[in-house]
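Per-entry structural report
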Amino acid sequence: MKIARVVGTATLSRMHPSLHAARMRCVEVVERIEDLNKKVPANDLIVAWDLCGAGEGDVVALAEGPEAAAPFKPDVKPIDASIVAILDHVEVDAAS
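Remember, predicted model here, so these are calculated numbers, not experimental data.

Regarding a nonpolar patch on the surface
On the surface, a cluster of nonpolar side chains totalling about 290 Å² of accessible area is made up of Met1, Leu51 and Val84. You can see valine 84 is positioned in strand E5 (residues 81–86).

Observations concerning the pairing of E5
Here two bridges tie strand E3 (residues 45–50) to E5, and the two strands are oriented parallel to one another. Considered in E5, the bridge of tryptophan 49 is made with serine 82. Pairing of strand E4 (residues 59–64) with E5 involves five bridges; the strand directions are antiparallel. Note on E5: the bridge partner recorded for glutamate 64 is alanine 81.

So, the nonpolar core
Of all hydrophobic cores here, the largest spans 10 residues; its members are Ala4, Val6, Val27, Val29, Ala48, Ala54, Val60, Leu62, Ala81 and Ile83. Excluding anything up to four places from it in sequence, alanine 54 contacts Val6, Arg25, Val60, Ile83 and Ile86. In this structure, Ala10, Met24, Trp49 and Ala69 belong to the second largest nonpolar core, which totals eight residues.

Notes on the side chain of aspartate 50
Its place among the elements puts aspartate 50 in strand E3. Here the side chain of aspartate 50 touches alanine 54 through a polar contact of 2.8 Å, landing on its backbone nitrogen. When near neighbours in sequence (up to four residues on either side) are disregarded, aspartate 50 contacts Arg23, Arg25 and Ile83.

Describing the sheet that holds E3
The five strands are arranged E1-E2-E3-E5-E4 in a closed barrel whose pairing can be described as mixed. Mean inter-strand twist for the sheet, computed between neighbouring axes without regard to direction, equals 55°.

Definitions and cut-offs
- Counting starts from 1 at the beginning of each chain's written sequence and moves along it residue by residue.
- Note on the predicted model: pLDDT of at least 70 is required for a residue's local features to be given, and 80 or more for side-chain atom pairs to be given and counted; whole-chain, interface and lining totals, by contrast, use all residues.
- Each side-chain value is derived from all of the structure's non-hydrogen atoms; neither hydrogens nor water enter the calculation.
- Here the term patch refers to residues with relative accessible area over 30% and no salt bridge, with like charges joined within 9 Å and nonpolar side chains (Val, Leu, Ile, Met, Phe, Trp, Tyr) within 5 Å.
- Using the Shrake-Rupley algorithm and a 1.4 Å probe, accessible areas are obtained, with residue cover drawn only from the displayed protein chains.
- Definition used for salt bridges: Asp or Glu carboxyl oxygen within 4 Å of a side-chain nitrogen of Lys or Arg.
- Note on conventions: DSSP H or I runs of at least 4 residues are helices, E runs of at least 2 residues are strands, and numbering of each starts at the N terminus.
- Strands are labelled as partners when DSSP assigns at least two bridges between them.
- What is meant by a nonpolar core is a set of buried Ala, Val, Leu, Ile, Met, Phe, Trp, Tyr and Cys residues, joined one to another through side-chain atoms within 4.5 Å.
- The buried label applies to any residue whose accessible area, calculated with a 1.4 Å probe on protein chains only, is under 20% of its type's maximum; exposed applies above 50%, and partly exposed to all values in between.
- What makes two residues a contact is simply this: any of their non-hydrogen atoms within 4.5 Å.
- Pairing of N or O atoms within 3.5 Å defines a polar contact, subject to two protein rules: one partner must be a possible hydrogen donor and the other a possible acceptor, and residues neighboring in sequence count only if both atoms are side-chain atoms.
- Axis angles are defined between N-to-C directions and span 0 to 180 degrees, where every axis is a line fitted to C-alpha atoms and, for a helix, only to the segment in contact.

Written out as structure tokens, the structure is:
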């Protein structure tokens, strides 16, 4: 699980039939907690299936790999990343 920020929306002209009515969001993985409030994308963008209705600027939890498609079993979805939560507040314990 990673923390990411939604920076836009991807629009598909053709898609796999199982993706109809899906929202695909462009997200930027937050590599360091100090970058959480940066507005300018500095990392590679990932296109992720939006399960939560996230909007641009939202900080989200991102699942990647087989875990991204796991909630849909036994249905098969051709995805590598999915937004699984919108994070309202992120707090990091400096002692750990």
